[in-house]
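Structural description and commentary
Residue strings, one per chain:
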Amino acid sequence: MKYIKRKKQALSSVGIIPSAGRTVSPVNGIVTTLFKTKHAIGITSDNGAEILIHIGMDTVQLEGKYFTAHVKQGDKVSAGDLLLEFDMEKIREEGYNLITPVIITNSADFKQIDTTRERAVSEKQVVAFCYRRRK
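All figures in this text were calculated on a predicted structure; none of them were measured in a lab.

1. Considerations on the overall build of the protein chain
Helix and strand counts for the protein chain come out as one helix and 12 strands. Counting from the amino terminus, the protein chain carries its helices and strands in the arrangement β-β-β-β-β-β-β-β-β-α-β-β-β. In the protein chain, the share of contacts with a sequence separation of at least 24, taken over all contacts with a separation of at least 6, comes to 62%. On the protein chain, roughly 7,700 Å² of surface is accessible, and the fraction owed to carbon and sulfur atoms is 48%.

2. Topic: the packing of aromatic side chains
Under the criterion given, the structure shown has one aromatic pair. Arranged with centres 6.2 Å apart and planes meeting at 35°, the rings of Phe-67 and Phe-86 form a pair that is tilted. Here Phe-67, found in strand β7 (residues 67–69), pairs with Phe-86, found in strand β9 (residues 82–86); they are 19 residues apart in sequence, far enough to count as distant. Comparing Phe-67 with Phe-86, the two get one shared label, buried.

3. So, the nonpolar core
In this structure, Ile-41, Ile-51, Ile-53, Leu-83, Phe-86 and Ile-91 are the most contacted members of the largest nonpolar core, which totals 25 residues. Secondary structure elements with two or more residues in this core: β2 (12–17), β4 (29–34), β5 (40–45), β6 (50–54), β9, α1 (88–93) and β10 (100–104). Top contributing element to this core by residue count: β9, with three residues. The residues contacting Ile-51, other than those within four sequence positions of it, are Pro-26, Val-27, Ile-41, Gly-42, Ile-43, Val-102, Ile-103 and Ile-104.

4. Description of the pairing of β4
Looking at chain direction, β4 and β5 are connected through five bridges and run antiparallel. For Ile-30, the partnering residue across the bridge sits in β5 and is Thr-44. As consecutive antiparallel partners, β4 and β5 are separated by five residues, and within that stretch Lys-38 has a phi angle of approximately 60°, a positive value.

5. Section: the sheet that holds β9
If you walk across this open sheet you meet the three strands as β3-β9-β7, and the pairing is antiparallel. What marks the edges here is a single partner per strand, and that holds for β3 (22–24) and β7. Each strand axis lies, on average, 15° off the axis of its neighbour in the sheet, ignoring direction. Examined bridge by bridge, β7 and β9 share three bridges and lie antiparallel to one another. The residue bridging Phe-67 from the neighbouring strand is Phe-86, located in β9.

What counts as what
- Residues numbered from 1 in each chain as written.
- Predicted model: local features only at pLDDT ≥ 70, side-chain atom pairs only at ≥ 80, totals over all residues.
- Heavy atoms only, no water.
- Helix = DSSP H or I, 4+ residues; strand = E, 2+ residues; numbered from the N terminus.
- Contact = heavy atoms within 4.5 Å.
- Areas by Shrake-Rupley, 256 points an atom, 1.4 Å probe, with all protein chains shown as cover.
- Phe/Tyr/Trp six-rings, centres within 6.5 Å; stacked < 30°, edge-to-face > 60°.
- Buried < 20%, exposed > 50% of the residue type's maximum accessible area, 1.4 Å probe, protein only.
- Core = buried A, V, L, I, M, F, W, Y, C linked by side-chain atoms within 4.5 Å.
- Pairing = 2+ DSSP bridges.
- Axes fitted to C-alpha atoms, helices over the stretch in contact; angles between N-to-C directions.

Everything listed is a geometric property; what it means functionally is a separate question.
Listed below in structure tokens is the structure:
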């Protein structure tokens, strides 16, 4: 997969261009949201980071076609566990871009978030570190 951008704003995020039609958990945590269309999933990590993975742009319009979930809301996951599979070729044939934002939606809760500067990352490679604020 290819990492495409590094952003630091109100929400910290990276964009991934997938090289395979699968999404694995980036962290140990709990599946807190699984959209019924299976195009997006939310995970709360063991350190409290709330992560949204949104496969492609506007893929909600596919209404779940070409997506398969391997987890359900409430499941405990470990880094590297298979979350979703999707048919990249069919999604592209339908005219959708597969750029996949990975967003830390509660980034304000962290003192610092560092994202990788690498241009290509592997499935199990760390792409962000979150440093919790002291209470």
